[in-house]
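Single-letter residue listing:
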Amino acid sequence: MKKIIVTLDGYSSCGKSTLAKQLAHELNYVFIDSGAMYRAITLYCLRNHIDWNDDVAVQEALQKINLDFDYNAATGSSDMLLNDENVEALIRDMLVSEHVSEVAANQYVRQFGVAQQQKMGEKKGIVMDGRDIGTTVFPNAELKIFVTADPAVRVERRFKELYAKNPNITMAEVQTNLEMRDYIDSNREFSPLRKAEDAIILDNSNLTREEQLKTALQWVHNKIKE
Ligand code: DC
């Protein structure tokens, strides 16, 4: 069967990764969480005191960074490896979330991420989620989905996810972080978050995971048949 590229872009915590992972599983495609790559770079910068506003320091740091994905049978998705270290749990920390949008706005960080992501899509059969996947990484992707959800729904979902790991987290902290990231991601100079003109909007505010998967799968099958 013809293999295609499916891109999912959208604001923070609107369920892109969940849907991308489910879609990839159903289609037997590769799932790539591009945000994990920017999070791993952020972790490297924080650990090594790299100033992400200093382009020279960032370029030097990027030469020492090797990113990889390692399939984890227990979770059914891939863990992020930073220089061979499994950092999947660490990159979801609030400290990384607080800085990832600033790091991801650096033009050299973007070039680094986009080049690796494009390589991963060479053989098609891939579902990738992020912010600029349909606009910059795969502008010719066969199916582009722009995922949205009501801001209050997004905050609540993210809060539940983080609270399970850290009961000290507050709803206000989560809301501030989401608003800040959405603002930086949408207003940065290099490949800001935008809906690609040919992307289909999927508002999942009132959809169950099963319902959104069914809708997206139908779109994929329609594209494969075209
Ligand atoms: O999807 P996420 O929330 O894990 O992404 C973390 C951050 O990484 C997000 O706030 C912006 C950045 N990002 C990006 O700039 N481009 C992408 N393709 C994916 C994520």
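Criteria and thresholds
- Residues numbered from 1 in each chain as written.
- Predicted model: local features only at pLDDT ≥ 70, side-chain atom pairs only at ≥ 80, totals over all residues.
- Heavy atoms only, no water.
- Helix = DSSP H or I, 4+ residues; strand = E, 2+ residues; numbered from the N terminus.
- Buried < 20%, exposed > 50% of the residue type's maximum accessible area, 1.4 Å probe, protein only.
- Pairing = 2+ DSSP bridges.
- Contact = heavy atoms within 4.5 Å.
- Axes fitted to C-alpha atoms, helices over the stretch in contact; angles between N-to-C directions.
- Near = heavy atom within 4 Å.
- Polar contact = N/O pair within 3.5 Å; in protein donor to acceptor, adjacent residues only side chain to side chain.
- Nonpolar A, V, L, I, M, F, W, Y, C, P; charged D, E, K, R; others polar.
- Phe/Tyr/Trp six-rings, centres within 6.5 Å; stacked < 30°, edge-to-face > 60°.
- Parallel < 35°, antiparallel > 145°, perpendicular 65-115°, else oblique.
- Expected span 1.5 Å × (residues − 1).
- Arc of directions from axis to C-beta.

Focus on unusual backbone geometry
- With a phi angle near 50°, His-49 is a residue other than glycine that sits in the positive phi range.
- Within the secondary structure, His-49 sits in the loop between helix H2 (34–47) and helix H3 (55–63).
- Classification of His-49 by relative accessible area gives exposed; the value is 73%.
- Positive phi values are uncommon outside glycine, yet Asn-83 reaches one of about 45°.
- One can find Asn-83 in the loop between strand S4 (77–82) and strand S5 (85–86).

Some points on the sheet that holds strand S3 (residues 67–72)
- One open sheet accounts for 3 strands, arranged S3-S4-S5; its pairing is antiparallel. In this open sheet, the two edge strands, each paired with only one partner strand, are S3 and S5.
- Pairing analysis gives 2 bridges linking S4 to S5, with the strands arranged antiparallel. Note on S5: the bridge partner recorded for Leu-81 is Asn-86.
- Where H2 meets the sheet, it contacts S3, S4 and S5, and its direction lies at approximately 30° from that of S4.

Here's the deal with the site of the ligand
- Neighbouring the ligand are 15 residues; Arg-39, Asp-132, Arg-181, Asp-185 and Arg-188 lie closest to it.
- Arg-110 places a polar side-chain atom, nitrogen or oxygen, 2.9 Å from an oxygen atom of the ligand.
- Within the side chain of Arg-181, one N or O atom sits 2.9 Å away from an oxygen atom of the ligand.
- Contributions of two or more residues to the shell around the ligand are made by H2, helix H4 (94–104) and helix H8 (171–187).
- Examining the composition of the shell around the ligand, we find that 4 residues originate from one element, H2, more than from any other.
- Split into classes, the residues belonging to the shell around the ligand amount to 4 nonpolar, 4 polar and 7 charged.

Focus on the packing of aromatic side chains
- Tallied over the entire structure, the rule returns 2 aromatic pairs.
- Residues Tyr-11 and Phe-146 carry aromatic rings whose centres are separated by 6.2 Å and whose planes lie at 85° to one another, so their mutual orientation is edge-to-face. Of this pair, Tyr-11 sits in the loop between strand S1 (5–10) and helix H1 (16–27) while Phe-146 sits in strand S7 (residues 143–148), and the two are 135 residues apart along the sequence.
- Taking 5.4 Å as the distance between ring centres and 35° as the angle between the ring planes, the aromatic pair formed by Phe-159 and Tyr-163 counts as tilted.

Focus: the packing of H3 against helix H5 (residues 107–120)
- The interhelical angle for the contact between H3 and H5, taken along N-to-C directions, is 25°, at an axis separation of 9 Å. When the axis of H3 is compared with that of H5, the two are roughly parallel. For the pair formed by H3 and H5, the contact residues are Asp-55, Val-58, Gln-59 and Leu-62 on the first element and Gln-107, Tyr-108, Val-109 and Phe-112 on the second.

So, H5
- The first and last C-alpha atoms of H5 sit 20 Å apart over 14 residues, in line with the 20 Å expected at 1.5 Å per residue.
- Taken together, the buried positions of H5 are Val-109, Arg-110, Phe-112, Gly-113, Val-114 and Gln-117.
- Contacts from the buried residues of H5 go to H2, H3, S3, H4, strand S6 (126–130) and helix H6 (133–137).
- The backbone nitrogen of Tyr-108 lies 2.7 Å from a side-chain oxygen of the residue at the head of H5, namely Asn-106.

Focus on H3
- Considered for burial, the residues of H3 that qualify are Ala-57, Val-58, Ala-61 and Leu-62. Buried residues of H3, viewed axially, fall in a sector of 135°; they line one side. Exposed side of H3, more than 90 degrees from the buried face: Val-56 and Gln-63 are the residues found there.
- Turning to H3, the residues buried within the fold contact H2 and H5.
- In this structure Asp-54 caps H3, since a side-chain oxygen of it lies 3.1 Å from the backbone nitrogen of Val-56.

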